[in-house]
Protein chains: 2
Amino acid sequence: MTTIKERRTIRKYKSTPIAQDLLNRLLEEAMRTPTMGNMQLYSVVATTDPKVKAELAPAHFNQPMVMGAPLVLTFCADFNRASKWCEQREAQPGYDNFLSFINAASDTLLLTQTFCNLAEAEGLGTCYLGTTVYMPKDIIRVLNLPRLVFPVATITVGYPDEWPEQTDRLPLDGILHHDTYKDYLPADIDRIYAYKESLEESKRFVAENNKKTLAQVFTDVRYTKNDNVFMSKGLMEALEMQGFV
Amino acid sequence: MTTIKERRTIRKYKSTPIAQDLLNRLLEEAMRTPTMGNMQLYSVVATTDPKVKAELAPAHFNQPMVMGAPLVLTFCADFNRASKWCEQREAQPGYDNFLSFINAASDTLLLTQTFCNLAEAEGLGTCYLGTTVYMPKDIIRVLNLPRLVFPVATITVGYPDEWPEQTDRLPLDGILHHDTYKDYLPADIDRIYAYKESLEESKRFVAENNKKTLAQVFTDVRYTKNDNVFMSKGLMEALEMQGFV
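Along each chain, the written sequence defines residue order, and numbers are assigned to residues from 1. Chains and ligands are labelled sequentially in the order written, the chains with letters from A and the ligands with numbers from 1. Restriction of local features to residues with pLDDT of at least 70 applies here, the model being predicted, together with a cutoff of 80 or more for giving and counting side-chain atom pairs; totals for whole chains, interfaces and linings are based on all residues. Computation of side-chain values: all heavy atoms of the structure, hydrogens and water removed.

## Details of the overall build of chain A
Numbered from the N terminus, helices here are DSSP runs of H or I no shorter than four residues, and strands are runs of E no shorter than two. Each helix and strand counted, chain A has 11 helices and 5 strands in total. Overall size of chain A, expressed as C-alpha extent along the three principal axes, is 60 × 45 × 35 Å. Each residue's exposure class comes from its accessible area (1.4 Å probe, protein chains only) as a fraction of the maximum for that residue type: buried when under 20%, exposed when over 50%, partly exposed otherwise. With 245 residues in all, chain A has 61% of them scored as buried. The criterion used for residue contact is that any of the two residues' heavy atoms lie within 4.5 Å. Contacts in chain A between residues at least 24 apart in sequence constitute 78% of all its contacts with a sequence separation of at least 6. Here the open area of atoms and residues is found with the Shrake-Rupley method and a 1.4 Å probe, where only the protein chains shown may cover a residue. Just so you have it, chain A exposes about 9,700 Å², and 52% of that area is on carbon and sulfur atoms. Note on charges: Lys and Arg go in the positive column, Asp and Glu in the negative column, and His and the chain ends are not counted at all. Taken as the charge location is NZ of Lys, CZ of Arg, CG of Asp or CD of Glu. When the 27 basic and 31 acidic side-chain charges of chain A are each reduced to a single mean position, those positions are 2 Å apart.

Right, here's the structure in full:
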């Protein structure tokens, strides 16, 4: 599994399509991922049609990977299938609530990541689109997602046409806690973020954005409070629309 | 990566502890998992102290794996560390909202699953405890999780002391949709669940619980609407308590 240690997110792909057999095999293997009560609370929408991709693209802020990848996979939390099964079997489903959404979303994200690990071991490149939960109502509309189905992750997939530098990571002792959580003192924070802040790329990022610190690039440019509050509202409305709250 | 295809959830472990070096290596590799804006919005609490495990156990409905496993890992969505960094760098963090929780929870679940895939490739056994989001307030208290930290997944880890039968899965065409979502017709549902319903284990399950159908075991016994509604409330309250809504 050296592929995980060496992995990079791939945003440029060859035009070679992904064979249906390969996709099926990777998904079948990925379905061995643990799932709550063995209910498999997920669906995967595999989009290859350029017309549907073009409709999806704006929901992903027109990131070029949506059109550029031969395959776009939308991993959806799905209590629709299980609930329909219950209704057809004289059982009253009770999964139109927030806990059930979190359960199905967890199932779905675990599946997503096993799929990515397997796809990358197979030589494919993937890019995780965090935009999926930014404007979920648009994705729901384009993909015709019914009640109790909700998009939680999108992956673009293709054969790599780039091999970028690996990105940095925080030191392990910055994320690992023994027995219980030990909150961070100011000196801990300085130490944990020192390497990231020392990188040339980080300094360039600060300069390009006319900011004083790298943290300000995150708070003032990339992930602002205003955007987060606005999109939280849309996300909650979408959960209501799909019957989960 | 044949380990994924052959994996089983392991609930019985040898008493052999997990070497700290091995845990560190697996977590460092797992940290290559994609993360939003490279922020690594997670913390991992590695609990080995029997006293702390005994306090955690009730929050997990006293499932025997908590005491029986040499290692209990609680994977937490964490915007505390990143927010503290912002505050120390003249930046105003805006991550006390629902979208930020979903972002951090997604980061965390993806990390969790890569960790499991790596641990199992190394010969370790894991069990995913879905109970983590059932009574999160208790876990928050026992592990001293501060504001903007929330437990989303718990994994018990140890060297396997059992090798159970593999559980069934739905057929791939029951979860895969092409281009857009095609909703299920009654005949689809019958076909997708036919194999699961035909299993001896399923029939035994129905008989033991005095139910008419397997679906009724899920709705009336294992995952009831009353429990889901009650625990949804507690989950939302815990999110409020931790500052995410």
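After that view, the rundown keeps rolling.
## Digging into the side chain of Thr-132 of chain A
Residues and elements named next belong to chain A. Positionally, Thr-132 belongs in the loop between β3 (125-129) and α7 (136-142). With relative accessibility at 1%, the residue Thr-132 sits in the buried group. Counting of polar contacts relies on pairs of N or O atoms within 3.5 Å, with two restrictions inside protein: one atom must be capable of donating a hydrogen and the other of accepting it, and residues adjacent in sequence are counted only when both atoms are side-chain atoms. In this structure the side chain of Thr-132 is engaged in a polar contact, spanning 2.8 Å, whose partner is the backbone oxygen of Leu-129. Residues in contact with Thr-132, not counting those within four places in the same chain, are His-60, Ile-139, Pro-151, Val-152, Ala-153 and Thr-154.

## A short note on the environment of Phe-98 of chain B
Inspection of the secondary structure assignment puts Phe-98 of chain B in helix α6 (residues 98-121). Taking the C-alpha atoms as reference, Phe-98 of chain B lies 40 Å from Glu-162 of chain B; in sequence the two are 64 residues apart. Aside from chain neighbours lying at most four places away, what touches Phe-98 of chain B is Phe-98, Ser-232, Leu-235, Met-236 and Leu-239 of chain A together with Phe-244 and Val-245 of chain B.

## Focus on the interface of chain B and chain A
Facing 111 residues of chain B, the contacting portion of chain A comprises 111 residues. We define buried area as the total accessible area lost by two parts upon association, computed with a 1.4 Å probe and summed across both. For chain B, the biggest contributors to the area lost against chain A are Arg-32, Trp-85 and Tyr-181 of chain B; these three give 9% of the whole. By convention in these notes, a salt bridge is any Lys or Arg side-chain nitrogen within 4 Å of a carboxyl oxygen on Asp or Glu. One can count 12 salt bridges joining chain B with chain A. Residues Lys-5 of chain B and Glu-29 of chain A are paired through a salt bridge, measuring 3.9 Å at the closest nitrogen-oxygen approach. Here chain B is connected to chain A by 84 residue pairs in polar contact (both at pLDDT 80 or more).

## Let's talk about the packing of aromatic side chains
Note on ring pairs: Phe, Tyr and Trp rings are taken, using the six-membered ring of Trp, and paired if centres are within 6.5 Å. Classes follow the plane angle, with under 30 degrees stacked, over 60 edge-to-face and the rest tilted. On inspection of all chains with the given rule, the structure shows 21 aromatic pairs over all chains. A centroid spacing of 6.0 Å and a plane angle of 50 degrees characterise the contact between Phe-75 of chain A and Phe-115 of chain A, whose relative ring orientation is tilted. Here the residue Phe-75 of chain A occupies a position in strand β2 (residues 71-78), and Phe-115 of chain A occupies one in helix α6 (residues 98-121), the gap between them amounting to 40 residues. For the pair Phe-75 of chain A and Phe-115 of chain A, one class covers both residues: buried. Arranged with centres 5.9 Å apart and planes meeting at 65 degrees, the rings of Trp-85 of chain A and Phe-218 of chain B form a pair that is edge-to-face. A residue pair is termed interchain when its members come from two chains, as with Trp-85 of chain A in helix α5 (residues 80-88) and Phe-218 of chain B in helix α10 (residues 214-222). Through a chain of ring-to-ring contacts, the aromatic side chains of Phe-98, Phe-101, Phe-150 and Phe-244 of chain A together with Phe-98, Phe-101, Phe-150 and Phe-244 of chain B assemble into a single cluster.

## Topic: the sheet that holds strand β1 (residues 42-47) of chain B
A strand pair is defined by DSSP finding two or more bridges across the two strands. Here we have 5 strands laid out as an open sheet, ordered β5(A)-β1(B)-β2(B)-β4(B)-β3(B), and mixed in their pairing. The sheet is open, and its two edges are formed by β5 (176-178) of chain A together with β3 (125-129) of chain B, each paired on a single side. Ignoring strand direction, the axes of neighbouring strands in this sheet form an average angle of 25 degrees. Two elements, β1 of chain B and strand β2 (residues 71-78) of chain B, share 6 bridges in a ladder whose sense is antiparallel. Within the sheet, the bridge partner assigned to Ala-46 of chain B lies in β2 of chain B and is Leu-73 of chain B. Here an axis means a line fitted to C-alpha atoms, over the contact stretch when the element is a helix, while the angle between two N-to-C directions is reported on a 0 to 180 degree scale. Together, β1, β2, β3 and β4 (149-158) of chain B form the strand contacts of α6 of chain B, whose direction differs from that of β2 of chain B by roughly 150 degrees.

## Concerning the pairing of β4 of chain B
Residue and element names in this part refer to chain B. Burial analysis of β4 places 10 of its 10 residues in the buried class, the great majority of the element. Bridge count between β3 and β4: 5 bridges; the pairing is antiparallel. Across the sheet, the residue bridging to Tyr-128 is Ile-155, located in β4.

## Some words on the relation of the copies chain B and chain A
For the pair of chain copies, the relating transformation is a rotation about an axis with a translation along it. For the pair chain B and chain A, the best superposition has an RMSD of 0.0 Å and corresponds to a rotation of 180 degrees with a translation of 0.0 Å parallel to the axis. The operation mapping one copy onto its partner corresponds to a two-fold rotation axis. By residue overlap, the copies meet face to face through one surface: 100% of the interface positions of chain B are interface positions in chain A. Overlaid copies result from least-squares superposition on C-alpha atoms, with residues included only where pLDDT is at least 70 in both.

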